[in-house]
Amino acid sequence: MADVTAAPLTTADGRPLKAALAEAQSRARRRAFLLVAPLLAFVVLTFIIPIGQMLDRSFHHDGFSANAPATLEWFDANPAGTAPDEAAFAALAADMKAMKENKTAGEAGTRVNYTLPETRSLITKTARNADDLAPPFKEAFLAIDDRWDDAAVWQAMRSSASAYTADFYLSALDMERAEDGSIRRVEENGRIYIYLFVKTFVVSAVITVTCLLLAFPVAHLLATLPMAKANLLMILVLLPFWTSLLVRTTSWIVLLQGEGVINEFLVALGVISADGRLKMIYNQTGTIIVMTHVLLPFMILPLYSVMRVIPPSYARAARSLGATSWTTFRRIYLPQTLPGIGAGSLLVFILAVGYFITPALVGGADGQLISNLIDFHMKNSNWSMAAALSAMLLAGVLVLYWLYDRLIGIDNLKLG
Amino acid sequence: MAEKSQNDAFVVFDHVQKSYDGVSLVVKDLNLSIAKGEFLTMLGPSGSGKTTCLMMLAGFETATNGEILLDGRPINQVPPHKRGIGMVFQNYALFPHMTVGENLSFPLEVRGMGKSEREAKIMRALDMVQMGKFANRRPAQLSGGQQQRIALARALVFDPKLVLMDEPLGALDKQLREHMQFEIKHLHESLGITVVYVTHDQGEALTMSDRIAVFNDGRIQQLAPPSDLYERPDNSFVAQFIGENNRLEGTVEEIKGGRALVRLNTGELIDATPVNVSSTGQKTLVSIRPERVEFKPDLLPPDAHMIEAEVIEVIYMGDLFRTVLKVAGHDDFVIKSRNTLGQRVLTPGEKIQIGWAPADARALDPI
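Under the annotation held in an unreviewed UniProt entry, chain B carries the name Spermidine/putrescine import ATP-binding protein PotA and is attributed to Paragemmobacter kunshanensis. Check the Subunit (unreviewed entry) section of the UniProt entry for chain B; it says "The complex is composed of two ATP-binding proteins (PotA), two transmembrane proteins (PotB and PotC) and a solute-binding protein (PotD)." According to UniProt, the comment filed for chain B under the heading Catalytic activity (unreviewed entry) is "ATP + H2O + polyamine-[polyamine-binding protein]Side 1 = ADP + phosphate + polyamineSide 2 + [polyamine-binding protein]Side 1."

Chain A carries the name ABC transporter permease in an unreviewed UniProt entry, which gives Paragemmobacter kunshanensis as its organism. Quoted verbatim from the Subcellular location (unreviewed entry) field of the UniProt record, the comment on chain A reads "Cell membrane". Check the Sequence similarities (unreviewed entry) section of the UniProt entry for chain A; it says "Belongs to the binding-protein-dependent transport system permease family. CysTW subfamily."

Visitor: Give a description of the packing of helix H2 (residues 17-59) of chain A against helix H19 (residues 383-407) of chain A that names residues and reports values.
Guide: Residues and elements named next belong to chain A. At a minimum axis separation of 7 Å, H2 and H19 run at an interaxial angle of 115 degrees. Viewed along their axes, H2 and H19 adopt a mutual orientation that is roughly perpendicular. Viewed along their axes, H2 and H19 form a crossing whose handedness is left-handed. Side by side, H2 and H19 meet where Met54, Leu55, Arg57 and Ser58 of the first sit next to Trp383, Ser384, Ala387, Ala388, Ser390 and Ala391 of the second. By residue class, the composition of the contact of H2 with H19 is six nonpolar, three polar and one charged.

Visitor: Describe the sheet that holds strand S10 (residues 219-224) of chain B, and please don't skip the residues or the numbers.
Guide: Residue and element names in this part refer to chain B. One open sheet accounts for six strands, arranged S6-S7-S8-S3-S9-S10; its pairing is mixed. Two strands bound the open sheet, and with one partner strand each, they are strand S6 (85-88) and S10. Neighbour-to-neighbour, the strand axes of this sheet turn through a mean angle of 20 degrees, independent of strand direction. Relative to strand S8 (residues 194-199), strand S7 (residues 162-166) is paired through five bridges, and the arrangement is parallel. For Met165, the partnering residue across the bridge sits in S8 and is Tyr197. Its contacts with the sheet put helix H5 (residues 144-156) on S6 and S7, and the angle it makes with S6 is roughly 170 degrees.

Visitor: Explain the nonpolar core to me, and be specific about the residues and the numbers.
Guide: Grouped burial of nonpolar side chains is what soluble globular proteins tend to show. Ala153, Leu164 and Ala213 of chain B are the most contacted members of the largest nonpolar core, which totals 102 residues. Ranked by residue count, the leading element in this core is H5 of chain B, at six residues. Apart from residues lying up to four places away in sequence, Ala153 of chain B is in contact with Leu104, Ala125, Leu126, Met128, Val129 and Met131 of chain B. Residues Tyr193, Trp252, Met291 and Tyr304 of chain A belong to the second largest nonpolar core, which totals 51 residues.

Visitor: I'd like a description of the domain arrangement of chain B, backed by residues and values.
Guide: All names here are of chain B. Taken domain by domain, chain B consists of domain 1 (2-236) and domain 2 (244-364). When each unit is reduced to the centre of its C-alpha atoms, the spacing between domain 1 and domain 2 is 39 Å. Taken residue by residue, the interface counts four residues in domain 1 and six residues in domain 2. Looking at the side of domain 1 that touches domain 2, its residues break down into one nonpolar, two polar and one charged.

Visitor: Mind laying out the packing of helix H14 (residues 284-308) of chain A against helix H16 (residues 325-353) of chain A, listing which residues take part and the relevant values?
Guide: Residues and elements named next belong to chain A. Where H14 meets H16, the axes come as close as 8 Å, and the angle between the chain directions of the two elements is 155 degrees. Between H14 and H16, the angle is such that the two are roughly antiparallel. Pair H14 / H16 crosses with right-handed handedness. Residue-level contacts link Met291, Leu295, Phe298, Met299, Pro302, Leu303, Ser305, Val306 and Met307 of H14 to Thr337, Pro339, Gly340, Ile341, Ala343, Gly344, Leu347, Val348, Leu351 and Ala352 of H16. Residue composition of the contact of H14 with H16, grouped by class: 15 nonpolar, four polar and no charged.

Visitor: Could you give an account of the UniProt feature "transmembrane region" (unreviewed entry) in chain A, with specific residues and numbers?
Guide: Listed under "transmembrane region" (unreviewed entry) in the UniProt record, and renumbered for this structure, are residues 32-51, 192-216, 228-247, 286-306, 340-362 and 382-404 of chain A. In the segment residues 286-306 of chain A, helix accounts for 100% and strand for 0%; the C-alpha atoms at its two ends are 31 Å apart.

Visitor: Tell me what's going on with the UniProt feature "domain: ABC transporter" (unreviewed entry) in chain B, and back it up with residues and numbers.
Guide: In the numbering used here, UniProt assigns the feature "domain: ABC transporter" (unreviewed entry) to residues 11-242 of chain B. In residues 11-242 of chain B, the share of helix is 36% and the share of strand is 25%. The end C-alpha atoms are 25 Å apart.

Visitor: Run through the interface of chain A and chain B, naming residues and quoting values.
Guide: Taken together, the contact pairs 15 residues of chain A with 17 residues of chain B. Those elements that provide at least two residues to the side of chain A that touches chain B are helix H15 (312-320) and H16 of chain A. Of the residues forming the side of chain A that touches chain B, the biggest block, six residues, is contributed by H15 of chain A. Per-class residue counts for the side of chain A that touches chain B are seven nonpolar, six polar and two charged.

Visitor: Talk me through the UniProt feature "domain: ABC transmembrane type-1" (unreviewed entry) in chain A; I want residue IDs and the actual numbers.
Guide: When the UniProt feature table is mapped onto this chain, "domain: ABC transmembrane type-1" (unreviewed entry) is found at residues 197-404 of chain A. Annotated as residues 197-404 of chain A, this span is 80% helix and 0% strand, and its ends, taken at the C-alpha atoms, are 20 Å apart.

Visitor: Tell me what's going on with the domain arrangement of chain A, and back it up with residues and numbers.
Guide: Residue and element names in this part refer to chain A. Split by domain assignment, chain A resolves into domain 1 (2-59), domain 2 (69-190) and domain 3 (194-412). Here the C-alpha centre of domain 3 lies 39 Å away from the C-alpha centre of domain 1. Contact residues are listed per partner, giving four residues for domain 1 and six residues for domain 3. Here the side of domain 1 that touches domain 3 is composed, by residue class, of two nonpolar, one polar and one charged.

The rules behind these values
Here, residues in each chain are numbered from 1, in the same order as that chain's written sequence. Following the order in which they are written, the chains are lettered starting with A and the ligands numbered starting with 1. Totals for whole chains, interfaces and linings use every residue, but because this is a predicted model, local features are given only for residues with pLDDT of at least 70 and side-chain atom pairs only at 80 or more, for both listing and counting. UniProt positions are given in the numbering used here, feature names are shortened, and annotations may be inferred rather than shown by experiment. Axis lines are fitted to C-alpha atoms, over the contacting stretch for helices. Their N-to-C directions set the angle, which ranges from 0 to 180 degrees. The way it works is that DSSP assigns letters per residue, a run of H or I at least four long becomes a helix, a run of E at least two long becomes a strand, and they are numbered from the N terminus. Working definition: roughly parallel below 35 degrees, roughly antiparallel above 145 degrees, roughly perpendicular at 65 to 115 degrees, and oblique for all remaining angles. By definition, any crossing whose near helix is turned counterclockwise from its far helix by less than a right angle is left-handed, and any crossing with a clockwise turn is right-handed. Residues are scored as being in contact if the C-beta atoms we place from backbone atoms lie within 7 Å. Think of it as three bins: nonpolar holds Ala, Val, Leu, Ile, Met, Phe, Trp, Tyr, Cys and Pro, charged holds Asp, Glu, Lys and Arg, and polar takes everything else, Gly as well. If DSSP finds at least two bridges between two strands, the strands pair. Here a nonpolar core is just a set of buried residues of the types Ala, Val, Leu, Ile, Met, Phe, Trp, Tyr and Cys, joined wherever their C-beta atoms sit within 7 Å. Three exposure classes are used, based on other C-beta atoms lying within 10 Å of a residue's own C-beta, which is placed from the backbone: buried for 20 or more, exposed for 12 or fewer, and partly exposed in between. Domain start and stop points were drawn from an automatic or database domain assignment.

The following block contains the structure:
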């Protein structure tokens, strides 16, 4: 054996076998690459580049650092916590004049505003009046706005001095920088992001579990019915896919609202009183009900594709070996549907975590999820904050994906 | 006979009927008793009702009418898991998410057996099929033949008195199939279990069984030991279905002393044994096995009738010659002669005389 492997194999005309093989296959490989090249280009252009940009925006913003070079110099020369002296105000005044000339005060203000709210208006207002800035600069600044005496404003500008910053992530984690540069949690009533993240994941988990409980029997029925009936049922399952999401959501509003079909029916039956109508929409309950309905097919389809190929002989074998129907289900059938359960759950969960339209329409105040907040920041041109939140959401989903791979194995996933 | 075996029968089908759609019967009035320790094969073409019978016995289908008894106890209302019947499935149905050992452990676990006892039984069952080293493998890592053995071991591990096998060797190649036939046969003998075996392969049925029930059209056409079935078929269907068979159509001319003279439609006169015919003038189909036809007159009884045949084709098959003849207007008459030293090899176009012993030609019902 050893002397066989010692000399590398060659072809009949003496070329190394590996080289000959690579050459023989290179043409086929080039053709295969050309076939996927358009898709590759499309994915790179429309997916990888935008995501890269988004990630970049979440920690890179040179609005202030590019437009306030003199102030930056002063920050470099003086350690954090130094009270701004006349030189500092002089440098800032020079930058303000330049900003006014170049109309870049807005950009700079936006950047500082991420770190300390309401500083955008302060900076734009000062830049607008930059012509009034004359020595002694400190007094001139204070004449425009007395907040220039506030150490927090200077700390905010100092942390905006670098184009690269983790500030957006800090905010997304409900944290901020103190005046001395240390990191602390924001005040109790200002903590919204972590709460929303947790809520988003919890609501998504609830939706996933509800979908699984509802989809499992349906998928099983689909898989065991004769083909003609199964196809008919499958159309019913897919019907929601062909209906506009808005129509579906609106019909849920018709069903669930205070004066809606279900409440009217229950009142008519006398189950609930007219003033005791159930509040089933414009709250978290509404979000869960409607999103479960919207995402149900994504659970049914992978389950069905897995169940369809489980031969009925397994269950029969288990029964003939002495297992009750419950044991057969638990020990034979259920384990074999795991790839479908995993795929469906992962799919539904990931879609639910990022879902936006449904919570926006039926979520009311407490049914809003993190994606609604991302939307809010985007509407307010707060792109970096939206990017940071999205990146954290992406990271959360990737962690879950990794966990799934560790626990169940990604090659056990069957999407269809 | 039916009455006598009814008393010591282990499995009894008593006037069992089965319909799936309420319009037609898949199994029509089945009466069958299987003795303890017997190897009974249900043989028949697909759709003949044999698998339905097996499924009713296993409990996966319910009889529409009639009673099935197991060890004297009616089992129509007993669910499959309480019947204690081992079963080997066509595609083995080994649980893919369990190892071989876990597969075998499953029937013992659901019976609440202790761990040490389970392990001893699993090892014994695996050794029985020579798979002792494979307990930790997954079914997917085994070859078809190995999976077959494991399926067999799993059906036997909990010591069932009755084992059902639904075409268990159908997916194996020919050589392995023949080998497994003998192994199953030997296991049956050494364990003393009762086996009900379903197949559409007549060779398998003939090799393995104590008795064979030939199914067609929802009925048992003949229930007999293999040699009877092959040599003395009761009707045309059985004669056609088991082994190769030559058919000659004609009319009974005379029945005398357990021997019938049949005038073929083309005018020749041949000898036969009357089976399904009783009077002269009846239409009949005479069936003769290819290996019982002779073309050397000195090997035939002195008073046997001979008829003329023309050789169409001679096929060399190693151990024998298969010769196709034109006889009485049919050009699909086959004879088989052993490839012995000095055997006379026929040549196409040659005209010969053929004949047979009257006992080998059976005058059956016309189709």
